[in-house]
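Each chain, written out:
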Amino acid sequence: MGEIMKKYIDDAEAALLHTYNRYQIVWDKGDGVYMYDIEGKKYLDFVAGIAVFALGYNNREYNDALKAQIDKVIHTSNYYYNIPAIEAAKKLKKISGMDRVFFTNSGAEAVEGALKAARKYAFLRDGNTDHEIIAMNHSFHGRTMGALAVTGNPHYREAFEPLIGNIKFADFNDFDSVKAQVTDKTCAIIMETVQGEGGIYPASEDFLKKVRALCDEKDILLILDEIQCGMGRTGSMFAWQRYGVKPDIMTSAKAIGCGIPVGAFMMTEKTASHSLTSGDHGTTYGGNPLACTAVSKVIDLFDELDVLENVRNVGDYMYDKLDELAEKYDCIKAHRGVGLIQGLEFDRPVGDIILRALDKGLMLINAGTNIIRFIPPLIVTKQNVDDMLNILEECIL
Ligand SMILES: *Cc1c(COP(=O)(O)O)cnc(C)c1O
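Engineer: So what about the state of the cysteines? Which residues, and what values?
Structural biologist: According to the stated counting rule, one finds zero disulfides in the structure shown. Free cysteine cysteine 229: the closest other cysteine sulfur is in cysteine 258, separated by 15 Å. Here cysteine 395 is not disulfide-linked; the sulfur of cysteine 331 is the nearest cysteine sulfur, at 12 Å. According to the relative accessible area criterion, cysteine 395 is buried, its value standing at 0%.

And the structure:
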């Protein structure tokens, strides 16, 4: 590493709160599926800013739309209307089949809103304030107090207790364990359709259908967190659309704005009509014109570029190739995932493999200690997958 990069990193470590162990790279720019550091070194990106930059870097139409909106107005208050938010909400309804949208600034904030909506729904039903929410072990829903309370990783939660109360945990893909936690106080069940941070575990169809049926039977709201697995990553716009079930409330963020900080929680009319109402919830920035221009443009570009088709094609290709790799190496214990969210589980921590890959110009990220996660921009090609695999194989010792 050169003097200049070293200096920036020292400055960063002196100024930023130390909540991340960062890789020793300072980025300059991105282009397509490649990133460049400030020394001009090129990297093939299979991280996409953690499943954010779905369209790849430097998409001309996307950049131009944002620049044009900057010159008009970046922010107004939610006490008024703005065209980008109206357009974005209409398009989100169309691609999700949900009926009502609330824009947020992040994934965690979308989860907070979903939890509040569920509590309000139950409160309006029986007037009680002791409702319970069931969440999944090994889930990840974000770092704010409510989202953390439903995150199934005790290590993340411990130092911050007490979080919001009345949360119960069940095992993902184990319907009996969910059923065992249900009481007459249960107001919602929250889960990711594909667990991301927890190690790339897709919900089984049987599990999701049974949970949906249970929710219908007991008037419990099903909240699906699609922040990582949604927006095309599994090959359908939202991961739950592959299963023939529909959530009552869903959350989205990450790729929804492709880099502009924005998220949303959405719900069905039935839920919305017995839930949050005027004065119950708000956010200053949420859904501002700049953020919503991003959402609106991203949805258009998904259509124009046939992104879903590409995810299915290249995702299937990557699936077969990673299967072959898993066959070949004894140190690879499992291969999971769907579309362009896949994981390889090793019999040891994968930190060294990731460092060697970075050295060779490939960006990868873990999901838990032993799992490498593959979450590239959704516009990757089969050739990009081959290039990635060639480097990866050199890094497995
Ligand atoms: C990233 C993530 C979140 C949190 O999103 P932030 O924007 O980081 O707050 C919540 N749920 C899932 C499934 C995620 O992957």
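On we go.
Engineer: Any chance you could break down empty space enclosed by the protein for me, citing the residues and the numbers?
Structural biologist: The tally for this structure, following the rule as stated, stands at one cavity of 30 Å³ or more. Of the volumes computed, that of the largest cavity is approximately 40 Å³. Considering the residues around the largest cavity, the lining is formed by Ala12, Glu13, Leu16, Leu17, His18, Thr19, Tyr20 and Arg22. For the lining of the largest cavity, the per-class residue count stands at four nonpolar, two polar and two charged.

Engineer: Give a detailed account of the pairing of strand β7 (residues 186-192), specifying residues and quantitative values.
Structural biologist: For β7, a buried count of seven out of seven residues is recorded, marking the element as mostly surrounded by other parts of the structure. By the bridge criterion, three bridges tie strand β5 (residues 132-136) to β7 in an arrangement that is parallel. Residue pairing in the sheet places isoleucine 133 in a bridge with alanine 188 of β7.

Engineer: I'd like to hear about the pattern of salt bridges, residue by residue, with values.
Structural biologist: Taken as a whole, this structure holds 22 salt bridges when the rule is applied. The salt bridge involving glutamate 393 is made with lysine 328; its shortest N-O contact spans 2.4 Å. In this pair, glutamate 393 sits in helix α14 (residues 382-395) while lysine 328 sits in helix α12 (residues 307-328), placing the two residues 65 residues apart along the sequence. Since its relative accessible area comes to 55%, lysine 328 is described here as exposed. Connected through salt bridges with shared partners, the residues Arg125, Asp219 and Lys270 form a single ionic network.

Engineer: Tell me what's going on with a nonpolar patch on the surface, and back it up with residues and numbers.
Structural biologist: Side chains of Ile4, Tyr8 and Ile38 sit close together on the surface and give an oily, nonpolar patch of about 310 Å² of accessible area. Following the sequence through the fold, isoleucine 4 ends up in helix α1 (residues 3-15). On the basis of relative accessibility, which here comes to 61%, the residue isoleucine 4 falls in the exposed class.

Engineer: Hey, could you go over the nonpolar core for me, with residue numbers and the actual values?
Structural biologist: Within the largest apolar cluster, 85 residues are counted, with the highest numbers of intra-cluster contacts made by Phe46, Ile189, Met191, Met231, Phe374 and Leu392. At nine residues, the largest contribution of residues to this core is made by helix α11 (residues 289-304). Counting residues in each nonpolar core, the second largest holds 29 residues, with Ala117, Ala147, Leu163 and Phe169 among its members.

Engineer: How would you explain the site of the ligand if you had to name every residue and give the values?
Structural biologist: Inspection of the region around the ligand gives Ser106, Gly107, Ala108, Phe140, His141, Gly142, Glu192, Asp225, Ile227, Gln228 and Lys254 as its neighbouring residues. One nitrogen or oxygen atom from the side chain of aspartate 225 is found 2.8 Å from a nitrogen atom belonging to the ligand. Bound to the protein, the ligand loses 81% of the 380 Å² it would expose on its own. Of the residues belonging to the shell around the ligand, the class tally is three nonpolar, five polar and three charged.

Engineer: With reference to specific residues and values, describe the sheet that holds strand β12 (residues 263-267).
Structural biologist: Spatial strand order, β4-β12-β11-β10-β7-β5-β6: seven strands in an open sheet with mixed pairing. The outermost strands of the open sheet, each flanked by one partner alone, are β4 (100-104) and β6 (167-170). Strand-to-strand twist across the sheet, computed as the mean angle between neighbouring axes with direction ignored, equals 20°. Running over the sheet, helix α4 (residues 83-96) touches β4, β11 (249-252) and β12 and is turned about 125° from β4.

Engineer: I'd love a proper account of the packing of aromatic side chains, names of residues and values included.
Structural biologist: Under the counting rule described, the total for this entry stands at five aromatic pairs. A ring pair is formed by tryptophan 27 and tyrosine 43, whose centres lie 5.0 Å apart and whose planes are at 85°; its orientation type is edge-to-face. Of the two residues, tryptophan 27 is situated in strand β1 (residues 27-31) and tyrosine 43 in strand β3 (residues 42-45); the sequence distance between them amounts to 16 residues. Overall, the relative accessible area of 33% leaves tryptophan 27 in the partly exposed class. Since its relative accessible area comes to 3%, tyrosine 43 is described here as buried. Ring plane angle 75° and centroid distance 5.7 Å describe the contact between phenylalanine 172 and phenylalanine 207, whose orientation is recorded as edge-to-face.

Engineer: So what's going on with the sheet that holds strand β13 (residues 332-338)? Residues and values would help.
Structural biologist: The antiparallel open sheet is built from four strands, whose spatial order is β13-β14-β17-β16. Each edge of the sheet is formed by a strand with only one pairing partner; in this case those strands are β13 and β16 (365-366).

Engineer: Residues and numbers for unusual backbone geometry, please.
Structural biologist: Omega for the bond connecting glutamate 161 with proline 162 falls within 30 degrees of zero, at 0°, which places this linkage in the cis form. If you trace the backbone, proline 162 turns up in the loop between α7 (154-157) and β6. The phi torsion at alanine 48 lies on the positive side, around 55°, for a residue other than glycine. Tracing the sequence through the fold places alanine 48 in helix α2 (residues 48-51). Its relative accessible area of 0% is what places alanine 48 among the buried residues. Phi at lysine 254 is positive, roughly 35°, even though this residue is not glycine. For lysine 254, the position within the fold is in the loop between β11 and β12.

Definitions and cut-offs
Residues numbered from 1 in each chain as written. Predicted model: local features only at pLDDT ≥ 70, side-chain atom pairs only at ≥ 80, totals over all residues. Heavy atoms only, no water. Disulfide = S-S within 2.5 Å. Buried < 20%, exposed > 50% of the residue type's maximum accessible area, 1.4 Å probe, protein only. 1 Å grid on protein atoms, 1.4 Å probe; cavity = no way out; pocket = protein on both sides within 12 Å on 5 of 7 lines; lining within 4 Å. Points joined across faces, edges and corners; volume = space filled by probe spheres on them. Nonpolar A, V, L, I, M, F, W, Y, C, P; charged D, E, K, R; others polar. Helix = DSSP H or I, 4+ residues; strand = E, 2+ residues; numbered from the N terminus. Pairing = 2+ DSSP bridges. Salt bridge = Lys/Arg side-chain N within 4 Å of Asp/Glu carboxyl O. Patch = residues over 30% accessible without salt bridge, like charges linked within 9 Å, V, L, I, M, F, W, Y side chains within 5 Å. Areas by Shrake-Rupley, 256 points an atom, 1.4 Å probe, with all protein chains shown as cover. Core = buried A, V, L, I, M, F, W, Y, C linked by side-chain atoms within 4.5 Å. Near = heavy atom within 4 Å. Polar contact = N/O pair within 3.5 Å; in protein donor to acceptor, adjacent residues only side chain to side chain. Axes fitted to C-alpha atoms, helices over the stretch in contact; angles between N-to-C directions. Contact = heavy atoms within 4.5 Å. Phe/Tyr/Trp six-rings, centres within 6.5 Å; stacked < 30°, edge-to-face > 60°.

Read these as geometric descriptors, not functional statements.
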